[in-house]
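Coordinate inspection notes
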Amino acid sequence: MDTLENLVQLVKNCTDCPLHSSRTNAVPGEGPADAEILFIGEGPGFHEDRQGRPFVGPAGNFLEELLQSIGMTRDQVYIANMVKCRPPNNRDPAPNEISACSKFLDRQIELIDPLLIITLGRFSMLRFLPGQSISRARGRLRSVNGRQIFPIMHPAAGLRRQEMRSAIEEDFAKIPGLLDVLRMQAEPASTDSINEQPADYAVDPAPSSLWDTLPAAPDSASVEPQSTESREEPAETHTDEPPPGQQRLF
């Protein structure tokens, strides 16, 4: 699995779990190898199984609309799933099926090395945030083992219920800002100007008198006394601390 192309061929020929016996096509994933964003869904559905591509059904159409809303297209992101073959009747993937496919997803993450991993739905979120609720974890950036994880509800949920659609759209609107911050964090700090003065730097001459350094006294008629009653102490803030081992960035 040295390259994404090699990984795709291994997925298409995989027989490591029972799902291979009922698939029409395996769905390895697709997108640029240098994508900044990696979307991880649950598993292929009917349309994905027929075409061998991720998110090409109604949920995929909604995902493309969401990307357009933030000025992006699916050609700019990598889209993968927890399992690469469709579970019969679109049932939930079984633990042994997720385990069998985990090596492929692990390698995809390593090869793409995205700035941001966006999990779509409960199953992909649980891979990084076990034991958490999607309703509480959604829309909050977490750092997990050096990876930046941003959970969002699955687009299919937004097709069923309007309130979930609104929540998904709200979370998507945060993505451009998150990328800006993560890009800045990924850039090495410039040290060119540290401990180094410009060539034309010159020290100002010492003042001729101590009194030259003092500011002129203000006109007392134009100065209003400062009231101490209007000053307030800063409000105490409380943060929702993430579970041990996870760093909440926002």
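Procedures and definitions
- Residues numbered from 1 in each chain as written.
- Predicted model: local features only at pLDDT ≥ 70, side-chain atom pairs only at ≥ 80, totals over all residues.
- Heavy atoms only, no water.
- Helix = DSSP H or I, 4+ residues; strand = E, 2+ residues; numbered from the N terminus.
- Polar contact = N/O pair within 3.5 Å; in protein donor to acceptor, adjacent residues only side chain to side chain.
- Disulfide = S-S within 2.5 Å.
- Phe/Tyr/Trp six-rings, centres within 6.5 Å; stacked < 30°, edge-to-face > 60°.
- Buried < 20%, exposed > 50% of the residue type's maximum accessible area, 1.4 Å probe, protein only.
- Lys NZ or Arg CZ within 6 Å of the ring centre and 35° of its normal.
- Salt bridge = Lys/Arg side-chain N within 4 Å of Asp/Glu carboxyl O.
- 1 Å grid on protein atoms, 1.4 Å probe; cavity = no way out; pocket = protein on both sides within 12 Å on 5 of 7 lines; lining within 4 Å.
- Points joined across faces, edges and corners; volume = space filled by probe spheres on them.
- Nonpolar A, V, L, I, M, F, W, Y, C, P; charged D, E, K, R; others polar.
- Arc of directions from axis to C-beta.
- Contact = heavy atoms within 4.5 Å.
- Axes fitted to C-alpha atoms, helices over the stretch in contact; angles between N-to-C directions.
- Parallel < 35°, antiparallel > 145°, perpendicular 65-115°, else oblique.
- Left-handed = near helix turned anticlockwise from the far one by under 90°.
- Pairing = 2+ DSSP bridges.
- pLDDT = per-residue confidence, 0-100.

On to the side chain of Gln 148. Along the chain, Gln 148 turns up in strand S5 (residues 147–152). A distance of 3.5 Å separates the side chain of Gln 148 from the side chain of Ser 143, its partner in a polar contact.

Let us look at the state of the cysteines. Taken as a whole, this structure holds zero disulfides when the rule is applied. Cysteine Cys 17 remains unbridged, with the sulfur of Cys 101 as its closest cysteine sulfur at 5.8 Å.

What follows concerns the packing of aromatic side chains. Here a ring pair, both rings aromatic, is described through the centre-centre distance and the interplanar angle of the planes. What the rule picks out here adds up to one aromatic pair. Each ring, one from Phe 39 and one from Phe 172, has its centre 5.9 Å from the other, and the planes form 10 degrees; the classification is stacked. Taken together, the residues span a long stretch of sequence, with Phe 39 in strand S1 (residues 37–41) and Phe 172 in helix H8 (residues 162–172) at a distance of 133 residues. For Phe 39, a relative accessible area of 0% corresponds to the buried category. Over the ring of Phe 104 we find Lys 103; its NZ or CZ atom is 4.6 Å from the centre of that ring.

Turning our attention to the pattern of salt bridges. If you walk through the whole model with that rule in mind, you get 18 salt bridges. One salt bridge in this structure joins Asp 16 and Lys 103, with 2.9 Å as the shortest N-O distance. Taken as a pair, Asp 16 in the loop between helix H1 (4–12) and S1 and Lys 103 in helix H4 (residues 95–112) lie far apart in primary sequence, 87 residues in all. Residue class for Asp 16 comes out partly exposed when judged on its relative accessible area of 48%. For the salt bridge of Glu 65 with Arg 165, the shortest nitrogen-to-oxygen distance reads 3.4 Å. A residue pair is termed long-range when its members are at least 10 positions apart, and Glu 65 in helix H3 (residues 58–69) and Arg 165 in helix H8 qualify at 100 residues. The partly exposed category is assigned to Glu 65, whose relative accessible area is 43%. It is possible to trace a salt-bridge network through shared partners that takes in Glu 30, Arg 53, Glu 64 and Arg 74.

Within this model, the largest pocket holds a volume of roughly 650 Å³. Surrounding the largest pocket, 29 residues form its lining, Glu 42, Gly 43, His 154, Ala 156 and Arg 160 being those nearest its centre. Of all the secondary structure elements, the ones that give two or more residues to the lining of the largest pocket are helix H2 (46–51), H3, helix H5 (122–128) and helix H7 (155–160). For the lining of the largest pocket, the residue count by class is 14 nonpolar, nine polar and six charged.

In this section: H1. One turn of the α-helix equals 3.6 residues, which is why residues spaced by three or four share an orientation. Within H1 the residues assigned to the buried category are Leu 4, Leu 7, Val 8 and Val 11. The arc that holds the buried residues of H1, viewed along the axis, is 105 degrees, so those residues lie on one side. Looking at the packing, one finds that the buried side of H1 touches strand S2 (78–81) and H4.

One can describe the packing of H3 onto H8 by two numbers: an axis separation of 10 Å at closest approach and a directional angle of 40 degrees. Accordingly, the angle class assigned to the pair H3 and H8 is oblique. Of the two possible hands of crossing, H3 and H8 adopt the one that is right-handed. Seen from H3, the contacting residues are Phe 62, Leu 63, Glu 65, Leu 66 and Leu 67; seen from H8, they are Arg 165, Ile 168, Glu 169 and Phe 172. Partitioning the contact of H3 with H8 into residue classes produces six nonpolar, no polar and three charged.

Quick look at the pairing of S1 now. Among the five residues of S1, five are classified as buried, and the element is accordingly described as predominantly covered. By the alternation rule, side chains of S1 split into Ile 37, Phe 39 and Gly 41 and Leu 38 and Ile 40, which are all buried. Of the strand pairs in this sheet, S1 and strand S3 (residues 116–120) are connected by four bridges, and their pairing is parallel. From the neighbouring strand, Ile 40 faces S3, where its bridge partner is Thr 119. The pairing of S1 with S2 spans four bridges and is parallel.

This brings us to the confidence of the model for the protein chain. Overall, the predicted model of the protein chain reaches an average pLDDT of 82, with 75% of residues at or above 70. Here residues 190–242 is a poorly scored stretch, pLDDT under 50, and it has nine contacts once near neighbours within four places are set aside; other chains count. Across residues 244–250, where pLDDT falls below 50, the model places 22 contacts with residues more than four positions away in sequence or in other chains.

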